[in-house]
Amino acid sequence: QVQLVESGGGLVQAGGSLRLSCAASVRTFNMYAMGWFRQAPGKEREFVAGISRTSGSTWYAESVKGRFTASRDAKNMAYLQMNSLKPEDTAVYYCAASSGFGSMSPGAYDDWGQGAQVTVSS
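About the criteria used
Residues numbered from 1 in each chain as written. Predicted model: local features only at pLDDT ≥ 70, side-chain atom pairs only at ≥ 80, totals over all residues. Heavy atoms only, no water. Helix = DSSP H or I, 4+ residues; strand = E, 2+ residues; numbered from the N terminus. Buried < 20%, exposed > 50% of the residue type's maximum accessible area, 1.4 Å probe, protein only. Pairing = 2+ DSSP bridges. Core = buried A, V, L, I, M, F, W, Y, C linked by side-chain atoms within 4.5 Å. Contact = heavy atoms within 4.5 Å. Axes fitted to C-alpha atoms, helices over the stretch in contact; angles between N-to-C directions. Phe/Tyr/Trp six-rings, centres within 6.5 Å; stacked < 30°, edge-to-face > 60°. Lys NZ or Arg CZ within 6 Å of the ring centre and 35° of its normal.

The residue Asn 76 is not glycine, and still its phi comes out positive at about 65°. As for its position among the elements, Asn 76 is in the loop between strand 7 (68-72) and strand 8 (77-82). Here Ser 84, not a glycine, exhibits a phi torsion of approximately 50°, which is positive. Tracing the backbone shows Ser 84 in the loop between strand 8 and strand 9 (91-98).

By secondary structure assignment, the location of Gly 66 is in the loop between strand 6 (58-60) and strand 7. Classification of Gly 66 by relative accessible area gives exposed; the value is 78%. Sequence separation between Gly 66 and Met 82 is 16 residues, and the spatial gap between their C-alpha atoms is 9.6 Å.

Attention now goes to the pairing of strand 5 (residues 46-51). Most of strand 5 is tucked away: 5 of the 6 residues are buried. When strand 4 (residues 33-39) meets strand 5, the two strands line up antiparallel, connected through 5 bridges. In the strand pairing of strand 5, Trp 36 is matched with Ala 49. Linking two consecutive strands that pair antiparallel, namely strand 4 and strand 5, is a turn of 6 residues; a positive phi of about 80° is found at Gly 42 within it. A loop of 6 residues connects strand 5 with strand 6, the two strands running antiparallel in sequence, and Ser 55 in this loop sits at a positive phi of about 70°.

Here the focus is the nonpolar core. Core analysis: the largest hydrophobic core is formed by 37 residues, its most contacted members being Leu 80, Met 82 and Tyr 93. Elements that contribute at least two residues to this core include exactly strand 3 (18-25), strand 4, strand 5, strand 6, strand 7, strand 8, strand 9 and strand 11 (116-121). Here this core gets 5 residues from one element, more than from any other, and that element is strand 9. When sequence neighbours within four positions are dropped, the list of residues in contact with Met 82 reads Gly 16, Ser 17, Leu 18, Leu 20, Arg 67, Phe 68, Tyr 93 and Val 118.

Below, the discussion takes up the sheet that holds strand 8. In any sheet, the strands associate via hydrogen bonds between backbone groups, in a parallel or an antiparallel arrangement. Pairing within the open sheet is antiparallel, and its 4 strands lie in the order 1-3-8-7. The open sheet has two edge strands, strand 1 (3-7) and strand 7, and neither has a second partner. Sheet twist, expressed as the mean angle between neighbouring strand axes with direction ignored, is 15°. Pairing of strand 1 with strand 3, which is carried by 5 bridges, proceeds in the antiparallel orientation. Among the inter-strand pairings, Gln 3 is bridged to a residue of strand 3, identified as Ser 25.

This brings us to the packing of aromatic side chains. Two aromatic rings, taken as a pair, are described by how far apart their centres are and by the angle between their planes. For the structure shown, the criterion picks out 4 aromatic pairs. Where Phe 37 meets Phe 47, the ring centres are 5.6 Å apart and the plane angle is 75°; that geometry is what we call edge-to-face. Residue Phe 37 is located in strand 4, and its partner Phe 47 is located in strand 5; the two are separated by 10 residues in the primary sequence. Across the pair, Phe 47 and Phe 37 agree in class, each one buried. Site record: aromatic cluster; members linked through ring pairs are Phe 37, Phe 47, Tyr 109 and Trp 112. If you follow Arg 45 out to its NZ or CZ, it ends over the ring of Tyr 94, 3.9 Å from the centre. A cation over a ring is seen here: Arg 45 above Trp 112, with NZ or CZ 4.8 Å from the ring centre.

Right, dumping it as structure tokens:
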């Protein structure tokens, strides 16, 4: 089991940037693909971005492509850089770990963080 803790959320004006961090407590971090999801009030959880075990591949929802960048490092950290933020990006953001190859489906992920609130004002 992987314990995940997100940080870096907050309030930002439209057009601004935030970087979310996700700290993973596991010895074999490089054996997990990582994903980012978000959930706005009254809406279902939706996929945002994913990154493969070796950082060789990333994949994004169309709504964030070109604005968000997923990355990871060798210190058990995953990141989501969010630029050109829009009010519709407001949501609780979750990082998730997949012992498989990851995908856009929440069901592909085994462990989840507690979430970080991101609020974008217009």
